[in-house]
Amino acid sequence: MSTTSTVSAAAVPDSGKGPAAAAAQRAARRRAARVWAGRIGLAVCVIGGWQAFTTWGIVDPFFFGQPSGIWQRLIELFQHGTQFGSFYQNIWTTIEEALAGFVVGALTGVVFGVALGQSRYLSDVLGPYIKMVNAIPRIVLGSIFIVAFGIGVTPKILLAAVLVFFIVFFNAFQGVREVDRNVLAHVRVLGASRTQITRHVIVPSALTWIIASLHSAFGFAIVGALVGEVLGAQSGLGLVIKTAQNNFDPNGVFATMLVIAVIVLGAEWLIGKLEHRLLSWRPPSPSETNAL
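Just so we're clear, the structure is a prediction, and the values are computed from it rather than from any experiment.

K.L.:
Before we move on, can you summarise the side chain of Lys-156 with the specific residues and values?
P.N.:
Along the chain, Lys-156 turns up in helix 7 (residues 153-177). Of the side chains bearing the opposite charge, Glu-97 lies closest to the buried Lys-156, which forms no salt bridge; the N-O distance is 5.3 Å. Reaching out from Lys-156, the side chain makes a polar contact with the backbone oxygen of Gly-232 at a distance of 2.5 Å. Apart from the residues lying within four places of it in its own chain, the contact partners of Lys-156 are Glu-97, Ile-151, Gly-224, Ala-225, Gly-228, Glu-229, Gly-232 and Ala-233.

K.L.:
Break down the packing of aromatic side chains for me, with residues and values.
P.N.:
Going through the model one piece at a time under the given rule, you end up with 13 aromatic pairs. Centroid distance Phe-166 to Phe-170: 6.3 Å. Interplanar angle 25°. Geometry classified as stacked. Note that Phe-166 and Phe-170 are positioned in helix 7 at a spacing of 4 residues, about one turn of the helix. Members of the aromatic cluster, each reached through a chain of ring pairs, are Phe-112, Phe-165, Phe-166, Phe-169, Phe-170 and Phe-173. In this structure, Arg-39 packs its charged tip against the face of Trp-36, placed 5.0 Å from the ring centre.

K.L.:
Can you break down the packing of helix 6 (residues 138-149) against helix 7 residue by residue, with the values?
P.N.:
With their axes 8 Å apart at the nearest point, helix 6 and helix 7 run at an angle of 145° to one another. Two packed elements cross with a definite hand, and for helix 6 against helix 7 that hand is right-handed. Contact with helix 6, carried on its side by Arg-138, Leu-141, Gly-142, Phe-145, Ile-146 and Phe-149, involves Thr-154, Pro-155, Leu-158, Leu-159, Val-162, Leu-163 and Phe-166 of helix 7 and no other residues of that element.

K.L.:
A description of the pattern of salt bridges should follow, citing residues and the corresponding values.
P.N.:
Counted by the stated rule, this structure contains 2 salt bridges. Between Arg-73 and Glu-76 there is a salt bridge whose closest N-O contact spans 3.7 Å. On the criterion of helical spacing, the pair formed by Arg-73 and Glu-76 is a turn pair, its members being 3 residues apart in helix 3 (residues 67-80). Taking relative accessible area as the criterion, Glu-76 reaches 31% and is therefore assigned partly exposed. A salt bridge links Arg-73 to Asp-249, with the nearest nitrogen and oxygen atoms 2.8 Å apart.

K.L.:
Hey, could you go over a positive patch on the surface for me, with residue numbers and the actual values?
P.N.:
Together, Arg-26, Arg-29, Arg-30, Arg-31, Arg-34 and Arg-39 give the surface a local cluster of positive charge. Taking relative accessible area as the criterion, Arg-31 reaches 35% and is therefore assigned partly exposed.

K.L.:
Describe the confidence of the model for the chain, naming the residues involved and giving the relevant values.
P.N.:
In low-pLDDT regions, the fine details of the predicted coordinates are not to be read closely. Averaged over the chain, the pLDDT score is 84; the fraction of residues at 70 or greater is 90%. Ignoring residues within four places in sequence, the model shows residues 286-292, a span with pLDDT below 50, making 7 contacts including any to other chains.

Calculation notes
- Residues numbered from 1 in each chain as written.
- Predicted model: local features only at pLDDT ≥ 70, side-chain atom pairs only at ≥ 80, totals over all residues.
- Heavy atoms only, no water.
- Helix = DSSP H or I, 4+ residues; strand = E, 2+ residues; numbered from the N terminus.
- Buried < 20%, exposed > 50% of the residue type's maximum accessible area, 1.4 Å probe, protein only.
- Lys, Arg positive; Asp, Glu negative; His and termini not counted.
- Salt bridge = Lys/Arg side-chain N within 4 Å of Asp/Glu carboxyl O.
- Polar contact = N/O pair within 3.5 Å; in protein donor to acceptor, adjacent residues only side chain to side chain.
- Contact = heavy atoms within 4.5 Å.
- Phe/Tyr/Trp six-rings, centres within 6.5 Å; stacked < 30°, edge-to-face > 60°.
- Lys NZ or Arg CZ within 6 Å of the ring centre and 35° of its normal.
- Axes fitted to C-alpha atoms, helices over the stretch in contact; angles between N-to-C directions.
- Left-handed = near helix turned anticlockwise from the far one by under 90°.
- Patch = residues over 30% accessible without salt bridge, like charges linked within 9 Å, V, L, I, M, F, W, Y side chains within 5 Å.
- Areas by Shrake-Rupley, 256 points an atom, 1.4 Å probe, with all protein chains shown as cover.
- Charge placed at Lys NZ, Arg CZ, Asp CG, Glu CD.
- pLDDT = per-residue confidence, 0-100.

Okay, here's the thing in structure tokens:
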């Protein structure tokens, strides 16, 4: 008798948990379907309205392009290339410059952010200079880099690195300042060295801030590479955009912008995967749980 009651009592939570989990999964699928329906519906409205307005003459396609013309221009770019070489080569040039600038800027931003976040002396000494350089318009820095290093890939990498550096630096700096002081005190009492504290406490605690900055940092790396190419280059998507602009070809401008958007979205997806892997130990916050 007691065995039967024990089995029944153990079976009750399982029978209750199964339907609840299934209901939660169905709710998540319904929400995902609504989100994708809203996204697709918004895209259809914008693109369809754009096409309709240009077809009816409400909007002049000579200045604003046309979705059908943009698609056709995109096919032409991939099939026939540009006057600066194949379109694929121009895409790779921009990606290469942005990736190099992203890596250099992110690494230096993390190093300086962690170092200055731990040292008030370094922060007080270097802080005004960092703010002063950050206040310089980026297009001016791009011109300086091109004068100094020519129109090769180096000035584009440097400009992209500068844009990325400040985003990552300020987030890493603030992330270090937000580390729980009680945890630091306990670790010091246990005899941890400065290197161990930095490696096992400070950097993991600031990692949330650092990863968050990377989501927007790659977009700025692309911007840096494009601005450098517009100022002076032998190939790259920025040069393609500049040439299309000079030829009054809005379809070419929008087609190249579409390719850039796909690149940035792909990088954002990869950074999201990296964030999930590096921060798998961290429970999701309420804002993340309710996010789109």
